[in-house]
Amino acid sequence: MASSRECLNGSLVVFVAVAYYRHLGSNMMRGHLPTHILEALHNRGISPMRAVVFEDSALLLDSFLRSRPERIGACVMVKFSQMISLRTCYNYTRTVLLDCIDNRDCFVPRMLRDMKRYSSVLVQTEEHRTWLQQHGVTAALLPHPHGYAGRLLPLPPVRQTARTLSLIFGDHRNIPPDAQLQDICSAAIGAGMKLYLVHSPSSRSRIVNCNTSNSSLFSVGEISSSWLHRNCSEDARYAISAKVIQAEMALKPEEWHNISVATKQAVFYTSELAEQIRQQADIAIVWPPERRDANDLANRNRPPTRLLFWMAHGVPVFGYPMPSYVDVAQSNGYPAELLNVTSIDQISAVIMQMQSPDVRRCLQHQAQLVSRSRSPIASALQLLAIIQKFTCLS
């Protein structure tokens, strides 16, 4: 296999996004964000490839590719399979990837024949990759990143007493059902805390008014406390790769900030409201909405965006065992017990275990370690490695 420099140097990766869905976060997170990062790293001599987003009619893709001065190294279909674009890309490159992350169609058997036409399908969980491989589809693991491009955010304060439990949501369909929300709220009250609902993308928050009459019914459930006795120092098994560190340091903080602004991620991470959320949140929880069927393969493999949001901010977080959450813990050393909470009683138990400021301080550092391994920078470098694997075969 040729080295990435020999094979990919000076070539172009084209992120092919459906124009009709240009308003979707997927186009930004899986198209524009890696494009900005790869372009910046190419200008610093770190990425051998340049990158561009094509966000127009598939009928215009051929003329677009023909007009580019660079050699087309790879095409990446953002979220949606497009047969016209697939055939067009194969006229210019041997590597055409389908980024299937957060696309329910990629869990449907009738789509398997189309997915087999791609060099590889990009998925975010081991469960999804295994399912596709069992059906004869070539799949590569590319975990979904959070949206913060740059060096680590400052850690929030660790108060002697945890005062707030925070839950982030995109729209009201993603809020837990009222009965469970009241139970979570009661668990928070039982520990002397307030429950905050944080809206994304506005980052505005409000306190949940609990039905305190339910709080007396609460008992502390059982959950393993072995994670409390782990060494808080960074485990060498989960050390950040030298390539990620090099890429993080390649650009100045203001340059990373400009990328966050250009890709509309600054509001989530560096805005004044985001800073208020970071200062306010002692502990965070991720919990499924009522409409989500835990037995549905597509629902079970949704992106860990909310979990990674809190980790990027250095906020200790716990929640239910969605496969993408479990993968985060298992591959990055975050306590798996904290992402295996399945009952309201266990929520109460975890909240009590996380009352210690030393425990929360330790979890902050572990969350930051995860955030570096799941950053857009790390994801862009992983994508380069996947492209090299399929493009640089002799």
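Higher on the page you've got the structure.
Being a predicted model, the structure only gives us computed values, none of them experimental.

Q: I'm lost on helix α7 (residues 178–190) in this one. Help?
A: Each full turn of the α-helix corresponds to 3.6 residues, which orients residues three or four apart in the same direction. Across its 13 residues, α7 extends 18 Å between first and last C-alpha, which sits within 8% of the 18 Å expected from 1.5 Å per residue. Summarising the contacts, the buried residues of α7 are in contact with β7 (164–169), β8 (194–199), β10 (283–286) and α15 (344–353). Remark: Gly192 follows α7 within two positions and exhibits a positive phi of approximately 75°.

Q: Would you mind showing me how to read the packing of aromatic side chains here?
A: Following the criterion strictly, the structure yields 7 aromatic pairs and no others. An angle of 75° between the planes, with centres 6.2 Å apart, marks the rings of Trp287 and Tyr320 as edge-to-face. Residue Trp287 is found in the loop between β10 and α12 (297–300), and its partner Tyr320 is found in the loop between β11 (317–319) and α14 (323–332); the two are separated by 33 residues along the sequence. The exposure classification of Trp287 matches that of Tyr320, with both residues buried. A connected cluster of aromatic rings, assembled from ring pairs, spans Tyr148, Phe268, Tyr269, Phe309 and Trp310.

Q: Got a minute to help me understand the nonpolar core in this structure?
A: Looking at soluble globular proteins, one finds that nonpolar side chains tend to be buried together. Leu165, Trp287, Trp310, Met311, Phe318, Tyr334 and Ile347 are the most contacted members of the largest nonpolar core, which has 56 residues in total. A total of 6 residues in this core trace back to one element, the largest contributor, which is helix α13 (residues 305–312). Beyond its immediate chain neighbours, meaning those up to four positions away, Trp310 contacts Ser166, Leu167, Ile168, Val198, Ile277, Ala281, Ala284, Val315 and Val317. Leu41, Ile240, Ala378 and Ile386 belong to the second-largest nonpolar core, a separate cluster that totals 40 residues.

Q: Would you explain the state of the cysteines in this entry?
A: Linking two cysteines covalently through their sulfur atoms gives a disulfide. With the rule as written, the count across this model stands at 3 disulfides. Residue Cys7 pairs covalently with Cys392 via a disulfide, S to S 2.3 Å. Residues Cys7 and Cys392 are joined through a disulfide that is left-handed, its torsion about the S-S bond being -100°. Of the two residues, Cys7 is situated in helix α1 (residues 4–8) and Cys392 in the segment after α17 (376–391); the sequence distance between them amounts to 385 residues. For the pair formed by Cys7 and Cys392, the shared burial category is buried. Disulfide partner of Cys75: Cys89, at an S-S distance of 2.3 Å. Across the S-S bond linking Cys75 and Cys89, the dihedral sits near -90°, which makes this disulfide left-handed. Placement of Cys75 in strand β3 (residues 71–78) and of Cys89 in helix α4 (residues 83–90) is noted, with a sequence separation of 14 residues between them. Of the two residues examined, Cys75 and Cys89, each falls in the buried class.

Cut-offs applied
Residues numbered from 1 in each chain as written. Predicted model: local features only at pLDDT ≥ 70, side-chain atom pairs only at ≥ 80, totals over all residues. Heavy atoms only, no water. Helix = DSSP H or I, 4+ residues; strand = E, 2+ residues; numbered from the N terminus. Expected span 1.5 Å × (residues − 1). Contact = heavy atoms within 4.5 Å. Phe/Tyr/Trp six-rings, centres within 6.5 Å; stacked < 30°, edge-to-face > 60°. Buried < 20%, exposed > 50% of the residue type's maximum accessible area, 1.4 Å probe, protein only. Core = buried A, V, L, I, M, F, W, Y, C linked by side-chain atoms within 4.5 Å. Disulfide = S-S within 2.5 Å.

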